[in-house]
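Inside the fold
Each chain is listed here by its residues.
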Amino acid sequence: MKSVVIIGGGVAGIETASALSDFGHNVVLVEKTDSIGGKVLKWDHLFPDLKSASELENYLDIKCREGNFAIQKNTTIAQASQSNGKWMLRTDNNRVIETDAIVVATGYEVFDASRKEEYGYNIYDNVITSVDLEERLKSGKTITTRAGYLPEKIGIIHCVGSRDEKSGNHYCSKVCCITGVKQSIELHKLLPEAEIYCFYMDLRMYGQYYEELYREAQEMHKIQFIRGRLSEVSENIDKRLLIKAEDTLSGRPLKMSVDLLVLLVGMEPGKGTKSMAGICGLETGKDGFLKTSDMHFGNNKTGKKGIFLAGSCIGPMSINDTISNARSAALEVHNYLQTK
Amino acid sequence: MTEAHQSGITGIYPKEIAADNYYYVRSCIRQNFFPGSETAFLKIMRNVLGKNIYDDAVHTTCTGIGYHSDIVPFETIQTVVARQFALMTEKGFENLAVSCVTSFGIYCEIVETWKNFPEELDKARVNLKKATGREFEIPRNIAHASDIIYKFRREIAKEAKYSLVNCLTGEPLNLVEHIGCHYAKMFPEMGVGGAEFTSVLSSMIEIWGGAVVDYPERRHCCGFGFRQYLIQANRGYSISNSRKKFESMEPYHPDAVICNCPGCTMFMDRWQYVIAEMENKTYGQGGRGIPVLTYEELAGLVLGYDPWDLGLQMHQVNSEPFLDKLGIRYIPSQKYSGKDGKIMAGPVIPACIK
Amino acid sequence: MKAAEKFGFRVLETRVIDLENFDGRLLRYVHRHEKSFITCLSCGGCTATCSAGNLIEFNVRRIGLLLRRGETEGLEREIDKCMLCGKCQLVCPRGINLRNVIMLIKKGIVKFKNGTPEKVEL
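Starting afresh in each chain, residues are numbered from 1 along the sequence in its written order. Ligands are numbered from 1 and chains lettered from A, in the order in which they are written. Totals for whole chains, interfaces and linings use every residue, but because this is a predicted model, local features are given only for residues with pLDDT of at least 70 and side-chain atom pairs only at 80 or more, for both listing and counting.

Some words on the overall build of chain B
Put simply, the rule reads: To qualify as a helix, a DSSP run of H or I must reach at least 4 residues; to qualify as a strand, a run of E must reach at least 2; elements of each kind are numbered from the N terminus. To get the radius of gyration, use the C-alpha atoms; to get the globule rule, take the number of residues to the power 0.38 and multiply by 2.2 Å. Whether a residue is buried, exposed or partly exposed is read from the other C-beta atoms within 10 Å of its own C-beta, which are placed from the backbone; 20 or more gives buried, 12 or fewer gives exposed, and intermediate counts give partly exposed. A pair of residues counts as a contact when their C-beta atoms, built from backbone coordinates, are within 7 Å of each other.
Scanning chain B for helices and strands turns up 16 helices and 8 strands. By the compact-globule yardstick of 20 Å for 354 residues, chain B fits well, its C-alpha radius of gyration being 20 Å. With respect to the three principal axes, the spread of C-alpha positions in chain B is 60 × 50 × 50 Å. Going through the 354 residues of chain B one by one, you find that 49% of them count as buried. Considering only contacts in chain B between residues 6 or more positions apart, those separated by 24 or more positions represent 77%.

Below is the structure:
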């Protein structure tokens, strides 16, 4: 029986662990926190079908309960070394795990919106991120301003921390556009009187049924889409937020006041991802995510024999893409173990 | 914005400010427009803080105004700046204390240029040597004078005779702080608190008892701008930007505006008269304007200096309502008395602004 | 007025942007000296923050666009509205040095007006 260690207990890690244990391998899933599931536990609904995130939670939960693999929580990897075709992993609590293969599934980190100082996150009361909004939606509480009023005007800002050299991130985080569309619809359902404006540079509805959701936002929810990047945010005397952009399609500067501003924060390589790159000597791409050996034919392989990648440690990825990617990682690892 | 937020931002930009032994470079225009400010600064540095600061009679303009108006070429201004540095070096100093925000920007820009293009530094050394026979060291520390007052704001607070509190209501006075663009917008790391939420003035105001007005156009330029003002066709830009700021701050009923840049102080003050004349609009209470002060004048008032010694009579917008709120005693009849005690002719009082 | 004109006939000039027949010298000149400008996303951050564009009819984003489309007529007048404050570069997600673009257009227009041949490296 061959052994595999999977690092990271999010969607990618669980899916890979489950598939590899189904192939009959001896699988250990290592997770740094005390809970399994990753960031998706904070999500309320998933795009584009507005499926409740709890369905995904249940799905992952069943995989963990019924899957034939071990889970080690509160564990991080501190060292890795290779000898005789085996990898030796030393954990932070000084345990050594010997394994035939490693799958890195350490995922992403949400962009820290306070780095865009001019957008006023952590400074003004009513500037929140898409992650904050997701948590509020999940809590089931009414969406209000900090002072407790129902927002009448809401701004949703695309590309915060993505496609922006000022943030150091030139790449597109892929999932924010559709998240903005999804959240605008959810907000409109909860606050039918509210006017909702999305400020975008390009709307990238790349996935199946994304375009349809965008159309639904326009048709059914009267969401206004303004093509222009936010330049700055400031606060009015009534705590509403004054936002400035160019309405590029009419070619004129535009300003408006909103009660609530949602920043669609992008994805950055996770702390665990950066740390694994260092520990295992993995190559990173120009976006800082882990580099695969070939983006067409080896999208789960690395330059290191026996180390594989799954999920958003490779790059920004939606949940359905992550699940597919994790399954393909499992197949790659399985094929590798057969030849060993 | 809460104080914690502000200090969080300030923490990202830990600016190093020298603690003593400064070579002072003055502004071209401040001694005319706010003649007490630089004197007050030197007095505070020497008498209150006990610092060693050298005021040199032979340094010149940095030529920033000419540079920003396309009259003085870059090579020339580099040589002029090299000469200021040479004077500093000759007098045995390493820390530059800069009175003017434009000059501060110039010194930062040129030192940064020399870092990135060492051949420019070599040229400047050769040019200065040829022209004057002098040699120079690059300052170890460049601070704007407001950085230094910021650094010692607590020491000043300990010596304060007045607090920035309305003596009738006991409420903190509402103060607008306005930062010159060239203080941190070119090099955010050179300003206390960076470019967006600069805290060099707001920290002084708060520690001296006042409240800072966080109004929407707080970060906007005063409109002065060399190209805006010096080119006649562009003067509309200058006044329009000032008006944008006044309109934005008006609902907060500010008691005064505090600036750290000569151009901003000048134009925030004088444009209020022009706007009153052109548009019949005043922004202060009772047909008055909003008093505009330099941070040295503010520090001087807090320390109990006489308002007329501080040169407040030279401002367009009368500062008496602000002095009254602070509870500062002054002799109205002495407002226009000269140093020799003789009363000078007062200015003509315009009808459009009280 | 000719009889046909009196009758209402007009021969209209086409208003299409003609990408095949435009004088690309200025575009190439600016691009050679300021590579960054070709990466513009047309996001409008520059125009939103522009000191001049907030007060008068001036769109700094369109300067680069007009140049890329060969629409250089009137560009000379347009760039004069820029106050060179540099806020556009401060906000640009691609870090484009628009001030340099404008200075290069100024220089380029003068050089090409004086008949500098295209081949000469300026």
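This is not the end of the story, as more comes after the structure.
Examining the overall build of chain A
Counting its regular elements, chain A contains 7 helices and 20 strands. What you see for chain A is a C-alpha radius of gyration of 22 Å, in line with the 20 Å of a compact globule of 340 residues. Dimensions of chain A along its principal axes, counting C-alpha atoms only, are 65 × 35 × 35 Å. Relative to all contacts within chain A whose residues are 6 or more apart in sequence, the contacts with residues 24 or more apart total 66%.

Concerning the interface of chain B and chain A
Using the following cut-off: Throughout this entry, Asp, Glu, Lys and Arg are counted as charged residues, while Ala, Val, Leu, Ile, Met, Phe, Trp, Tyr, Cys and Pro are counted as nonpolar. The remaining residues, Gly among them, count as polar.
Across the contact, 11 residues belong to chain B and 10 residues belong to chain A. Of the residues that constitute the side of chain B that touches chain A, the class distribution is 6 nonpolar, 2 polar and 3 charged.

Quick notes on the interface of chain C and chain A
On the chain A side, the residues contacting the 17 residues of chain C number 15 residues. Mapped by element, the contributors of at least two residues to the side of chain C that touches chain A are α3 (45-49) and α4 (60-68) of chain C. At 4 residues, α3(C) tops the list of elements feeding residues into the side of chain C that touches chain A. For the side of chain C that touches chain A, the class distribution of residues is 5 nonpolar, 9 polar and 3 charged.

Observations regarding the sheet that holds strand β11 (residues 127-129) of chain A
Residue and element names in this part refer to chain A. Put simply, the rule is: Note on pairing: DSSP must find at least two bridges between two strands before they are called paired. Only the stretch in contact is used when fitting a helix axis, every axis being a line fitted to C-alpha atoms; angles between N-to-C directions are given from 0 to 180 degrees.
With respect to topology, 5 strands assemble into an open sheet ordered β11-β18-β12-β13-β14, the strand pairing being parallel. Only two strands of the sheet have a single neighbouring strand rather than two, namely β11 and β14 (224-227). For this sheet the average axis-to-axis angle between neighbouring strands, irrespective of direction, equals 25°. Here 3 bridges tie β11 to strand β18 (residues 260-265), and the two strands are oriented parallel to one another.

Section: the sheet that holds strand β2 (residues 26-30) of chain A
Residue and element names in this part refer to chain A. Pairing is parallel across the open sheet formed by 5 strands, whose spatial order is β5-β2-β1-β9-β20. Each edge of the open sheet carries a strand with a single partner, namely β5 (69-72) and β20 (307-309). Taken pair by pair, the neighbouring strands of this sheet meet at an average axis angle of 20°, ignoring direction. With 4 bridges connecting them, β2 and β5 associate as parallel partners. Its bridge partner being in β5, V30 is matched across the sheet by Q72.

Describing helix α4 (residues 176-190) of chain A
Residues spaced three or four apart along an α-helix face the same direction, because each turn holds 3.6 residues. Residues and elements named next belong to chain A. Quick reminder of the rule: To estimate how far a helix should extend, the number of its residues minus one is multiplied by 1.5 Å.
With 15 residues, α4 extends 21 Å between its outermost C-alpha atoms, agreeing within 8% with the 21 Å of an ideal straight helix rising 1.5 Å per residue. Along α4, 11 of the 15 residues are buried, which leaves the element largely enclosed by surrounding structure. Within α4, burial applies to C176, C177, I178, T179, G180, V181, K182, Q183, S184, I185 and L187. Turning to α4, the residues buried within the fold contact β3 (45-46), α3 (130-139), β12 (153-160), β13 (195-200), α5 (210-221) and β18.

Brief notes about the nonpolar core
Short version of the rule: A set of buried residues drawn from Ala, Val, Leu, Ile, Met, Phe, Trp, Tyr and Cys, joined through C-beta atoms within 7 Å, is what defines a nonpolar core.
Core analysis: the largest hydrophobic core is formed by 97 residues, its most contacted members being B:V81, B:A97, B:V98, B:Y107, B:L175, B:I258 and B:A299. In contact with B:A299, other than residues within four places in its own chain, are B:A40, B:I44, B:I149 and B:I156. Membership of the second largest hydrophobic core comes to 47 residues, among which are A:V175, A:C176, A:F199 and A:I243.

Some details on the packing of α4(C) against helix α7 (residues 98-113) of chain C
Residues and elements named next belong to chain C. Under the convention used in this document: The scheme is simple: roughly parallel for angles under 35 degrees, roughly antiparallel for over 145, roughly perpendicular for 65 to 115, oblique for anything else. Left-handed is the label given to a crossing in which the near helix is rotated counterclockwise from the far helix by less than a right angle, and right-handed is the label when the rotation is clockwise.
Where α4 meets α7, the closest approach of the two axes is 11 Å, and the angle between their N-to-C directions is 50°. The angle between the axes of α4 and α7 places the two elements in the oblique class. Handedness of the crossing formed by α4 with α7: left-handed. Here V60, I63, G64 and L67 of α4 lie close against α7, whose contacting residues are L98, V101, I102 and I105.

Topic: the environment of C:L65
All names here are of chain C. Relative to the helices and strands, L65 is located in helix α4. Residue classification places L65 among the partly exposed residues on the basis of 14 C-beta atoms within 10 Å. Taking the C-alpha atoms as reference points, L65 and R94, 29 residues apart in sequence, are found 15 Å from one another.

A look at the environment of B:K51
Residues and elements named next belong to chain B. Here K51 lies in the loop between α3 (37-48) and β2 (53-55). Judged by the 18 C-beta atoms lying within 10 Å of it, K51 is partly exposed. C-alpha separation for the pair K51 and N21, spaced 30 residues apart in sequence, amounts to 6.7 Å.

Quick word on the packing of helix α1 (residues 11-22) of chain A against helix α2 (residues 53-66) of chain A
All names here are of chain A. The interhelical angle for the contact between α1 and α2, taken along N-to-C directions, is 40°, at an axis separation of 10 Å. Comparing the axis directions of α1 and α2 gives the class oblique. Our pair here, α1 against α2, has a crossing hand that is left-handed. Contact residues: V11, I14 and S18 in α1; L60, K63 and C64 in α2. Along the lines of polarity and charge, the residues of the contact of α1 with α2 split into 4 nonpolar, 1 polar and 1 charged.

A word on α3(A)
Residues and elements named next belong to chain A. For clarity, the cut-off: Think of it as the arc spanned by the lines of direction from the helix axis to the C-beta atoms.
Listing the buried residues of α3 in full gives S130, L133 and E134. Here the buried residues of α3 occupy an arc of 100° about the axis, which is enough to place them on one side. Turning to α3, the residues buried within the fold contact β11, α4 and β18.

Things to note about the pairing of strand β16 (residues 241-247) of chain A
Residue and element names in this part refer to chain A. Here β16 lies mainly inside the structure; 5 of its 7 residues are buried. Sheet topology note: the strand β15 (residues 232-235)/β16 ladder contains 4 bridges and is antiparallel. Residue pairing in the sheet places E232 in a bridge with K244 of β16. With antiparallel pairing between neighbouring strands as the criterion, β15 and β16 make up a hairpin whose turn holds 5 residues, including K239 at a positive phi of roughly 70°. Pairing geometry for β16 and strand β17 (residues 252-258), over 7 bridges, is antiparallel.

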